[in-house]
Every structure is written in structure tokens, then in C-alpha cells.
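Fold and geometry: a report
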Amino acid sequence: MTDPILSVRDLAKTITLHILGGRQVHPLRGVSFDLQPGEFLAVVGPSGAGKSSLLKALYRTYVADAGSAMFRTASGATVDLLRVPEREIIRLRREEMRYVSQFLKAPPRIPAVDVVASVLTGRGIAVAEARTRAAESLATLRIGTDLQTSYPALFSGGEQQRVNVARALVDPPRLLLLDEPTSALDTENRARVLDLLREAQGRGTAMIAILHDLEVLRVIADRVLVIEDGHITQYGPVSEIVFPDDLDAGTGELAVSGGHA
Amino acid sequence: MVEPLEPLLRVRNLTKVYTSGNRRVLACEDVSFDVYPGEVLGIVGESGSGKSTVLQCLYQDVAPTSGQAFLASYHNGEHSIFEADRRERRELRAHQISMVYQNPRMGLNLMVTAGGNVAGRLLAADWRRVSDIRDKASDYLQRTEVPLDRMDDFPAFFSGGMQQRVQIAKALANGPELVLLDELTTGLDVSVQAGVLDLVRDIQHTTGMTAIIVSHDLGVIRLLTDRVLVMKDGHVVESGLTDQILEDPQHPYTQLLVNCVTA
């Protein structure tokens, strides 16, 4: 095994709700794991177990209370994502890590093609080239030219999710955090997204993804992390995991996409 | 892309106390922050929290009581801009810093044509060729979607939204290093607000402008800023990445603010 790209140790997060009389919630109570370059780590667990909090703490949308998350950057330096200055987080978000939320949070009144192209222009790529690449990426996900020039706020849930995925994969970063990337997709679109994710994986993108669909998980995950009440209760290859009952077993249609070693 | 790591602006312990008779009113106290090139910093807080005072001090409409502000291009960032003499202050306003006021009447001369307002700004920045000035002014008014046939009209007869767009054209035309925007959409109706916000966002994307945006509207902050300072009673109570402030606010006041969003 190579050096991990991300090493998380004892990550803990407490939310103090001052407006509710100081009530405390503990979404993460000490989470540790390693992630290799090109590895796909699936995160599963009941609703409210801390899955999204884990992604948000790594992306710094949440402020963690304790622990560390050592990330190996493209330049070979190692930084603690939980503590590195905001300035560096802004740079890392632009160049090395991306977070794909369950629902598209695109700014209003911007055509889909520009929503995707902005990822590239933010990295200094010329507008014309960025638009071309964005259009290709959307077309791969079957967002046609009509939709590309419309505002994503007007799209269906599945279309929005594909715009979101296109944004994540138009230029795969070193680390991708995905919150339910296929939840709103039909079988065929789901298969396309999985193909793109595997392609990115092949190019070395490491991914942590919250998944509810056991079938998707079996196709793509290298390892699985089960979170319950802020703790890791299981962590290992798919074959060793005893899955909780509330996972969606799927319909079996995805099997045609082929298994994953 | 090589990122310049030096802040464009460093503000340290900025304090403004107004005295009225023998009463002291604290507008802001010990406000410190950095702004990096290409970054948009938001300042949020309720009215009276001191957020506009910070901008007024930086634009030197108001003299701070104490504190310093170092602009990288002013004496290599070694002297505070508050030490500038009258001539230097005029230079700073003409070339380096510009302001968009909440009330367009503050930033525009309403009895000079729209084109003349923008031209005046360029003249102050030492533009001399009339044809260059004319071209640049019409270019910026076009970008801000002020119809060219209104260029020779007086802004006094424009709608609030169009006045605001002329003010933005004027503030940006000479390519200032730092743009200060004070509640730029407050008082405009929603569809006009959207137009003004899209305009600022577009300019931000195409020019990489560095800006400080004061607003009590969290939607504006979410749309336009990278980082946020939260002010209450003249103090910065919390600062952070915009998504962090909105999704995981730490301070009781910020939690209240974020939960007060009406829609």
C-alpha cells in the first residue's frame, strides 16, 4: 500500500445549540480511518448517525472539536484539514478537493453549462475551453444542449443531481466527498455515474461517499465504514460488512455494469 | 495558478467612537481582519452593529478613533492608510479603493449625466484622452446594463435600480484594487436586486475583483462572499468560511441570525 492521501484520527464534533438553551448534539464521537489514493470508501449508517457531519467536517463546512485529518496535497505537503488556515481551505476546495451535496446548491440564474464550467474557470482555464469541457461532461450524463443553457433551479431532481455530478467529475480532484451521488437517478443514469466515478478512481481520485443503495455500493466500494451514533461500528472490505437492515437492496438491474474487484 | 499569499488589506484593531455632547457611542471596536487578492469578504450583522462604520473608515469618509489599515500598494503595506495626508487620501480614492453606497445619491452626482459620472471617476484617476474616457464609460455602462441612450441623461431621473447600476459602473470603471459595497441591494425590489447581484457576481468572476460586502441579507452573503465576519454591538463575534458560518455557526448571536431567515 502507498501512503494514504487522507488520515483521519479521533475526529469529534459537538454542536451546541445556544438558541435551544445550550443543548448539545454529538454527531461524531471519535472517528479514525485511512484513505488511499484512488480508493472508494462508502459510508453507511442510519439517518442521524453522523455520515454527513463526517463529510462536512473534512470539507470544513463544520468546525471539528477534536482530532485530525491529515491530507497529502498535490505538492506533497501534509496539512491538517481541520486546522489549516481558511485561505488554504479555499485553495484546496478550488484545486484539490470537492464536495458534492445531495442537492444541487447552484447559484440562481446561471445556465447549467456555466455552473459546471465555473469549476474550471476557477482553476484558471479559459472560458471557451471550460464551456466546451463542461458541455461534454453534461452530455455524457445525458443533459442535452437545451437543458445546458437553462437554469438548474428549473430542473428535475435527477437532472440537478447529474449537474452536480458533472461539476464533481468535469476535472476530478484528488479527494471527492459525495453525499448520496445517485439517490435520485434511474438505473441507466446511475450506471453512467458509476462509470464516471470509476474512471476518476482509475486516475487516482480518492472518494468518500455516503450511500444508501447497497447495489451501487457493491459495484464500486473498496471499503465500507459503518457509522452509528457518531462511532465507527464496522470498517473493512465490502465482503466483511454485516449491513444494517435499512439499506436499499436495489433491484438487481445494475449487475449488467459489471462487478468491481 | 500561483496564488499571491500576501493580503491586499490588513485591518488591525479598528475602533471608532462617536462623541455626542458628553456621551460616547461605540460604533466599532478592535476590528481586525485580512482580505486577500481576489477574495470577497462579507460583513454581516444587524443595523447598528458597526459594519458600515468599518467601510466608512476604510474609505476615509469617517476618521477612525484608533487602529490601522495596511493596503499592500500603499507604501508597500508598511504605513497605515489612516496616516495618509489629504493628497494621498485623494490618490487612494482615485486609484486604489472605491465605494458603492447603499444610497446611490451618496456615490453619484445626480445632476451630472450618467456618462459624466463615470467619466468624472476616470478623470480623477488621471485618464486624459477624451475618446478613451468616452469608450470606457460606455463600456462600463453597457456591462452594467444601463442603456446607452440613457448615458446622457441625469441619474436623478433614473429608477433606484438603474441609479445603483450607474454607481457600480462608476466605482469599477478605473479598475480599483479594492471595492467596498455597502448594502448594495437594500431598498431595491426583488427582481431589481437579482439583476444587481448577478451583475456584481459576473464582474467578480470576470475581473477577480477584491471586495468587502456589507449586508444584513444572508442570501447576498451566500451568493457573493468567500469568508464572513459577523458583527454585533461593534465587535466581531465570529468569522469563518461563508458555508461554515451559515451551516455551523458557533456564536449564539450567529445561530440566532442564521435561524432568523424568513424564507
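See the structure shown above.
Sequence positions are assigned chain by chain, starting from 1 and proceeding in written order. For this description, chains carry letters from A and ligands carry numbers from 1, given in the order in which they are written. The predicted nature of this model means local features are confined to residues of pLDDT at least 70 and side-chain atom pairs, given and counted, to a pLDDT of 80 or more, with totals for whole chains, interfaces and linings taken over all residues. For side-chain calculations, the full set of non-hydrogen atoms in the structure is used, while hydrogens and water are omitted.

**Comments concerning the interface of chain B and chain A**
Residue contacts are defined here by distance: any two heavy atoms, one from each residue, within 4.5 Å place the two residues in contact. At the interface, 24 residues of chain B touch 27 residues of chain A. Defined here as a combined quantity, buried area equals the accessible surface (1.4 Å probe) lost by two parts on assembly, summed across both. Both sides of the chain B and chain A interface together cover about 2100 Å² of buried area, and 52% of this is carbon and sulfur. Every case where a carboxyl oxygen of Asp or Glu lies within 4 Å of a side-chain nitrogen of Lys or Arg is listed as a salt bridge. At the boundary of chain B and chain A, one finds six salt bridges. Its salt-bridge partner being A:Lys13, residue B:Asp248 comes within 2.6 Å of it at the nearest N-O pair. Think of a polar contact as two N or O atoms within 3.5 Å of one another; within protein, one of them needs to be a possible hydrogen donor and the other a possible acceptor, and neighboring residues in sequence only count if both atoms come from side chains. Our count for the contact surface shared by chain B and chain A stands at ten residue pairs in polar contact (both at pLDDT 80 or more). Helix and strand definitions here come from DSSP, where helices need a minimum of 4 consecutive H or I residues and strands a minimum of 2 consecutive E residues; each element is numbered from the N-terminal end. Within the residue set of the side of chain B that touches chain A, elements represented by two or more residues are α7 (190-207), β9 (235-241), α9 (242-247) and α10 (252-258) of chain B.

**Here's the deal with the pattern of salt bridges**
In this structure the tally under the stated criterion is 34 salt bridges over all chains. Note that A:Glu199 is salt-bridged to A:Arg203, the shortest N-O span being 3.6 Å. Burial classification: accessible surface area is computed with a 1.4 Å probe over protein chains only, and a residue below 20% of its type maximum counts as buried, one above 50% as exposed, and the rest as partly exposed. What makes A:Glu199 partly exposed here is its relative accessible area of 45%. Notably, a salt bridge pairs B:Arg129 with B:Asp132, separated by 3.5 Å at the nearest N-O pair. You can call B:Arg129 exposed: its relative accessible area is 55%.

**Concerning the packing of helix α3 (residues 112-121) of chain A against helix α6 (residues 157-169) of chain A**
Residue and element names in this part refer to chain A. Simply put, an axis is a line fit to the C-alpha atoms, just over the touching stretch for a helix, and the angle between two N-to-C directions goes from 0 to 180 degrees. α6 packs onto α3 with a crossing angle of 25° between their chain directions and a minimal axis gap of 8 Å. Considering the angle they form, α3 stands roughly parallel to α6. The chirality of how α3 crosses α6 is right-handed. Where α3 approaches α6, its residues Ala112, Val115, Val116 and Val119 are matched on the opposing element by Val163, Ala166 and Arg167. Amino acids are sorted into nonpolar (Ala, Val, Leu, Ile, Met, Phe, Trp, Tyr, Cys and Pro), charged (Asp, Glu, Lys and Arg) and polar (every other residue, Gly among them). A per-class count over the contact of α3 with α6 returns six nonpolar, no polar and one charged. Should an angle lie under 35 degrees it is considered roughly parallel, over 145 roughly antiparallel, and from 65 to 115 roughly perpendicular; all remaining angles are considered oblique. In this scheme, a crossing is called left-handed if the near helix is turned counterclockwise away from the far one by less than a right angle; it is called right-handed if the turn is clockwise.

**Let's talk about the sheet that holds strand β1 (residues 6-17) of chain A**
Residue and element names in this part refer to chain A. At least two bridges found by DSSP between two strands are what make those strands a pair. Ordered by their spatial adjacency, four strands build an open sheet running β2-β1-β4-β5, and the pairing between neighbours is antiparallel. The two strands at the open ends of the sheet, each matched to only one other strand, are β2 (23-35) and β5 (78-80). Averaged over all pairs of adjacent strands, the angle between strand axes in this sheet comes to 25°, irrespective of strand direction. Here strand β4 (residues 66-72) runs beside β5; their pairing, made up of three bridges, is antiparallel. Counterpart to methionine 70 in the pairing with β5 is aspartate 80. Along the sheet, helix α1 (residues 51-59) contacts β1, β2 and β4; its crossing angle with β2, the most-contacted strand, is approximately 75°.

**Description of the packing of aromatic side chains**
Pairing of aromatic side chains here covers Phe, Tyr and the six-membered ring of Trp, requires ring centres within 6.5 Å, and sorts the geometry by plane angle: under 30 degrees stacked, over 60 edge-to-face, intermediate tilted. Across all of its chains, the model carries two aromatic pairs over all chains by this definition. A ring pair is formed by B:Tyr59 and B:Tyr101, whose centres lie 6.3 Å apart and whose planes are at 80°; its orientation type is edge-to-face. In this pair, B:Tyr59 sits in the loop between α1 (51-58) and β4 (66-71) while B:Tyr101 sits in the loop between β5 (97-100) and α3 (104-107), placing the two residues 42 residues apart along the sequence. The exposure class of B:Tyr101 is buried, given its relative accessible area of 11%. The residue whose ring lies beneath A:Lys13 is A:Tyr62, and the NZ or CZ to ring-centre distance is 5.6 Å. The criterion for a charge sitting over a ring is simple: Lys NZ or Arg CZ within 6 Å of the ring centre, and within 35 degrees of the ring normal. Geometry around A:Tyr59 places A:Arg93 over its ring, the cationic atom sitting 4.1 Å from the centre.

**A short note on the sheet that holds strand β8 (residues 206-210) of chain A**
Residue and element names in this part refer to chain A. Strand order in the open sheet formed by six strands is β6-β7-β8-β3-β9-β10, with mixed pairing between adjacent strands. Two strands bound the open sheet, and with one partner strand each, they are β6 (97-100) and β10 (231-237). Averaged over neighbouring strand pairs, the angle between their axes works out to 15° when direction is ignored. Bridge count for strand β3 (residues 40-44) against β8 is four bridges, and the pairing is parallel. Directly across from valine 43, in β8, lies its bridge partner isoleucine 210.

**Observations regarding unusual backbone geometry**
Residue and element names in this part refer to chain A. Phi angles above zero are rare outside glycine, and aspartate 10 is one such case at about 50°. Structurally, aspartate 10 is set in strand β1. With a phi close to 60°, arginine 142 is a non-glycine residue in the positive phi region. Secondary-structure assignment places arginine 142 in the loop between α4 (127-140) and α5 (145-148). Note on arginine 142: relative accessible area 36%, which makes it partly exposed.

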